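An overview of the molecular structure
Residues per chain are reported as follows:
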Amino acid sequence: MNINGMPSTYYQTGYTNNKSTKTSTGTGFSNYINNAANNTGKGHIVYMKTDDMLYSGGNGTGLSFYLKYAEDSTEDDPTVIAKGVDENGNKFEQTIHINDINPKNATIVEMRALEAYTGVEKQHGFTSLPLSSGNMGLHERRNFMAMFEKTISDMTILRQQSTAAYYRYSMQDYWDFISRK
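Calculation criteria
Residues numbered from 1 in each chain as written. Predicted model: local features only at pLDDT ≥ 70, side-chain atom pairs only at ≥ 80, totals over all residues. Heavy atoms only, no water. Axes fitted to C-alpha atoms, helices over the stretch in contact; angles between N-to-C directions. Helix = DSSP H or I, 4+ residues; strand = E, 2+ residues; numbered from the N terminus. Parallel < 35°, antiparallel > 145°, perpendicular 65-115°, else oblique. Left-handed = near helix turned anticlockwise from the far one by under 90°. Contact = heavy atoms within 4.5 Å. Nonpolar A, V, L, I, M, F, W, Y, C, P; charged D, E, K, R; others polar. Expected span 1.5 Å × (residues − 1). Buried < 20%, exposed > 50% of the residue type's maximum accessible area, 1.4 Å probe, protein only. Arc of directions from axis to C-beta. Polar contact = N/O pair within 3.5 Å; in protein donor to acceptor, adjacent residues only side chain to side chain. Phe/Tyr/Trp six-rings, centres within 6.5 Å; stacked < 30°, edge-to-face > 60°. Salt bridge = Lys/Arg side-chain N within 4 Å of Asp/Glu carboxyl O.

**Here we look at the packing of helix H3 (residues 144-157) against helix H4 (residues 161-180)**
At a minimum axis distance of 8 Å, the contact between H3 and H4 shows a crossing angle of 160 degrees. The angle between H3 and H4 places the two elements in the roughly antiparallel class. Like other packed secondary-structure pairs, H3 and H4 cross with a definite hand, here left-handed. Contacts between H3 and H4 involve Met-145, Phe-148, Glu-149, Thr-151, Ile-152, Met-155 and Thr-156 from the first element and Gln-161, Thr-163, Ala-164, Tyr-167, Arg-168, Ser-170, Met-171, Tyr-174, Trp-175 and Ile-178 from the second. Residue composition of the contact of H3 with H4, by class: 10 nonpolar, 5 polar and 2 charged.

Written as structure tokens, this is what we have:
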């Protein structure tokens, strides 16, 4: 199957904003959005998820990628290939060995691979990871377990008990993964 002549392996779509930058004197929300759109000046690539992908998505930095099992992936050494564009629009490809991922020092791409591998339930279909991971670049490493603890603490303070419980559940899946290693 092809879409606009592209093979079904993955679908890539993009847009570029070529509008000239304008200054608006308005203070409304629509003016804010229009100004932000006019000032971006760069295109974005989005990978549409296909049946053979484990994950397809990105974040607010412009990082966009998809994950598939590698051909040489085994039960003892589950391996994932990540392909996409980084926050600067540069193409990348990474091989990720699931057993080598450390959630206490991981990239967002590694954690998305681990999320897909473990099958942890995603909040509203989007993510099991703390929302603060949405601003990470391709090579940036963070302690996701500490991020979970911070998010749980914040949600508890805000009396968002169901959200705090969800992040406890998600964090437990990643602790379970760590303890099996």
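**Regarding unusual backbone geometry**
The backbone of Arg-159 sits at a positive phi, close to 60 degrees, despite the residue not being glycine. Mapped onto the elements of the fold, Arg-159 is located in the loop between H3 and H4.

**Thoughts on H3**
Every α-helical turn comprises 3.6 residues, leaving residues that sit three or four positions apart pointing alike. Counted at 1.5 Å a residue, the expected span for H3 with its 14 residues is 20 Å, and the 20 Å between its end C-alpha atoms agrees. Considered for burial, the residues of H3 that qualify are Phe-144, Met-145, Met-147, Phe-148, Thr-151, Ile-152 and Met-155. Taken around the axis of H3, the buried residues stretch over an arc of 155 degrees, which confines them to a single face. Opposite the packed face of H3, turned more than 90 degrees from it, sit the exposed residues Lys-150 and Ile-157. Close packing links the buried residues of H3 with helix H2 (108-118) and H4. Near the N-terminus of H3, the side chain that reaches the backbone nitrogen of Met-145, with its oxygen 3.0 Å away, is that of Asn-143.

**Section: the packing of aromatic side chains**
Counted by the stated rule, this structure contains 7 aromatic pairs. With a centroid separation of 5.2 Å and an interplanar angle of 35 degrees, the aromatic rings of Tyr-55 and Phe-65 are classed as tilted. One end of the pair, Tyr-55, is in strand S5 (residues 55-58); the other, Phe-65, is in strand S6 (residues 64-69), with 10 residues separating them in the sequence. A single burial state applies to Tyr-55 and to Phe-65, both of which are buried. Ring geometry for Tyr-166 against Tyr-167: centres 5.3 Å apart, planes inclined by 65 degrees, an arrangement best described as edge-to-face. Each member of the pair Tyr-166 and Tyr-167 is classed as buried. Each member of the aromatic cluster is reached from another via a ring pair, and the members are Phe-148, Tyr-166, Tyr-167, Tyr-169 and Tyr-174.

**Thoughts on the pattern of salt bridges**
Inspection of the entire model under this criterion finds 7 salt bridges. Notably, a salt bridge pairs Lys-83 with Glu-93, separated by 4.0 Å at the nearest N-O pair. Of the two residues, Lys-83 sits in strand S7 (residues 79-85) while Glu-93 sits in strand S8 (residues 91-97), which places them 10 residues apart along the sequence. Close ionic contact of Glu-140 with Arg-142 constitutes a salt bridge, the shortest N to O distance being 3.0 Å.

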